[in-house]
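# Structural features, examined
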Amino acid sequence: AQTVTQSQPEMSVQEAETVTLSCTYDTSESDYYLFWYKQPPSRQMILVIRQEAYKQQNATENRFSVNFQKAAKSFSLKISDSQLGDAAMYFCAYRSGSVSGSRLTFGEGTQLTVNP
Amino acid sequence: DTAVSQTPKYLVTQMGNDKSIKCEQNLGHDTMYWYKQDSKKFLKIMFSYNNKELIINETVPNRFSPKSPDKAHLNLHINSLELGDSAVYFCASSQLGGGAPDTQYFGPGTRLTVL
């Protein structure tokens with residue numbers, strides 16, 4: 001079974017600074033997808049970014065980018081120019097590449113605080 | 001024009017009662033899911049339906065019964081509610097296959113409190 005680990009329960013960053021959230025996963029599969037979701041106090045789960053394992057290029061979405069290290073099974077999220085609205089719980093998630101394995105397996109989450 | 005909606009958003013009930021949570025998606029997706037988020041914010045899959053067929057059935061008490069009348073709707077019925085059922089329940093939907101990673105889109109969640 002796949003597992004996802006987020007070793008940082010809490011992180012904080014100053015507004016306009018850069019922060020990196022860590023995620024590692026364990027799998028024996030070669031085809032899979034990785035996601036970062038954001039959950040603000042409103043509790044809505046919002047997709048931040050996704051990465052296909054077969055792609056070597058790291059995904060980027062505006063101020064959000066990932067560092068995907070397939071051999072190390074690491075998938076960290078970098079937030080540049082942090083804004084107050086980035087404050088939220090961030091979840092790393094894994095999805096098998098098989099059609100039948102569509103469930104998301106989540107990490108424990110990292111609570112990000114942005115200080116003005 | 002909410003993509004994935006759930007009703008109700010809050011549900012407070014007594015132990016032993018039976019309750020239902022409804023979910024609807026207007027994204028045209030063929031697959032829907034129920035996830036449970038516990039008090040420590042941990043999210044775990046419960047069920048998934050693809051075109052009204054149950055494809056994921058995790059180890060949950062059989063007091064929980066999902067029902068999908070059509071591919072746009074997925075309901076969750078809970079019998080004989082217990083204190084430990086208190087959690088936030090999320091519905092999600094996605095489009096399986098098609099050669100692209102199926103991103104799951106989540107509803108706003110239903111916070112269930114059992115007294």
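Going by the structure above, here's the rest.
All figures in this text were calculated on a predicted structure; none of them were measured in a lab.

## Some points on the state of the cysteines
For the coordinates displayed, the defined rule picks out two disulfides over all chains. In this model C23 of chain A forms its disulfide with C92 of chain A; the gap between the sulfur atoms is 2.0 Å. Handedness here is read from the sign of the S-S torsion; for C23 of chain A and C92 of chain A, about -70 degrees, the answer is left-handed. Here C23 of chain A, found in the loop between β3 (19–21) and β4 (24–26), pairs with C92 of chain A, found in strand β10 (residues 88–96); they are 69 residues apart in sequence, far enough to count as distant. Using a relative accessible area of 1% as the deciding quantity, one classes C23 of chain A as buried. Through a disulfide, C23 of chain B is tied to C91 of chain B; the S-S separation comes to 1.9 Å. What sets the handedness of the C23 of chain B and C91 of chain B disulfide is the S-S torsion sign, and at about -75 degrees it is left-handed. Taken together, the positions of C23 of chain B in strand β3 (residues 19–25) and C91 of chain B in strand β9 (residues 87–94) put the pair 68 residues apart, joining distant regions of the chain.

## Notes on the side chain of T13 of chain B
All names here are of chain B. Mapping T13 onto the fold places it in strand β2 (residues 10–13). Within the structure, the side chain of T13 is placed 2.9 Å from the side chain of N17, a separation counted as a polar contact. Those residues in contact with T13 that sit more than four places away from it in its chain are K19, L81, L112, T113, V114 and L115.

## As for the pattern of salt bridges
Residue and element names in this part refer to chain A. One pass over the full model with this rule turns up six salt bridges over all chains. For the salt bridge of K73 with D26, the shortest nitrogen-to-oxygen distance reads 3.8 Å. Of the two residues, K73 is situated in the loop between β8 (64–69) and β9 (74–79) and D26 in strand β4; the sequence distance between them amounts to 47 residues. A residue is classified by how much of its surface remains accessible, and K73, at 27% relative accessible area, is partly exposed.

## Some points on the nonpolar core
All names here are of chain A. Within the largest apolar cluster, 25 residues are counted, with the highest numbers of intra-cluster contacts made by Y25, W36, F75, L77 and Y90. Elements represented by at least two residues in this core include exactly β3, β5 (32–39), β6 (46–52), β8, β9, β10 and β12 (110–115). In terms of residues, this core owes the most to one element, β10, which gives four residues.

## Observations regarding the packing of aromatic side chains
All names here are of chain A. Tallied over the full model, the rule gives 15 aromatic pairs over all chains. Aromatic side chains Y25 and Y94 sit 6.2 Å apart centroid to centroid with 35 degrees between the ring planes, which places their arrangement in the tilted category. Of this pair, Y25 sits in strand β4 while Y94 sits in strand β10, placing them 69 residues apart in sequence. Grouping residues by exposure puts Y25 and Y94 together as buried. Ring geometry for F68 versus F75: centroids 6.3 Å apart, planes at 80 degrees, classification edge-to-face.

## Re the sheet that holds strand β8 (residues 73–78) of chain B
All names here are of chain B. Reading across from one edge, β1-β3-β8-β7 is the order of the four strands in this open sheet, with antiparallel pairing throughout. Looking at the sheet topology across the chains shown, the edges are occupied by β1 (4–7) and β7 (64–70). With strand direction ignored, the average angle separating the axes of adjacent strands in the sheet is 20 degrees. Alignment of β1 against β3, held across four bridges, turns out to be antiparallel. Paired with T7 across the bridge in β3 is K22.

Conventions adopted
Residues numbered from 1 in each chain as written. Chains lettered and ligands numbered in written order. Predicted model: local features only at pLDDT ≥ 70, side-chain atom pairs only at ≥ 80, totals over all residues. Heavy atoms only, no water. Disulfide = S-S within 2.5 Å. Helix = DSSP H or I, 4+ residues; strand = E, 2+ residues; numbered from the N terminus. Buried < 20%, exposed > 50% of the residue type's maximum accessible area, 1.4 Å probe, protein only. Polar contact = N/O pair within 3.5 Å; in protein donor to acceptor, adjacent residues only side chain to side chain. Contact = heavy atoms within 4.5 Å. Salt bridge = Lys/Arg side-chain N within 4 Å of Asp/Glu carboxyl O. Core = buried A, V, L, I, M, F, W, Y, C linked by side-chain atoms within 4.5 Å. Phe/Tyr/Trp six-rings, centres within 6.5 Å; stacked < 30°, edge-to-face > 60°. Pairing = 2+ DSSP bridges. Axes fitted to C-alpha atoms, helices over the stretch in contact; angles between N-to-C directions.

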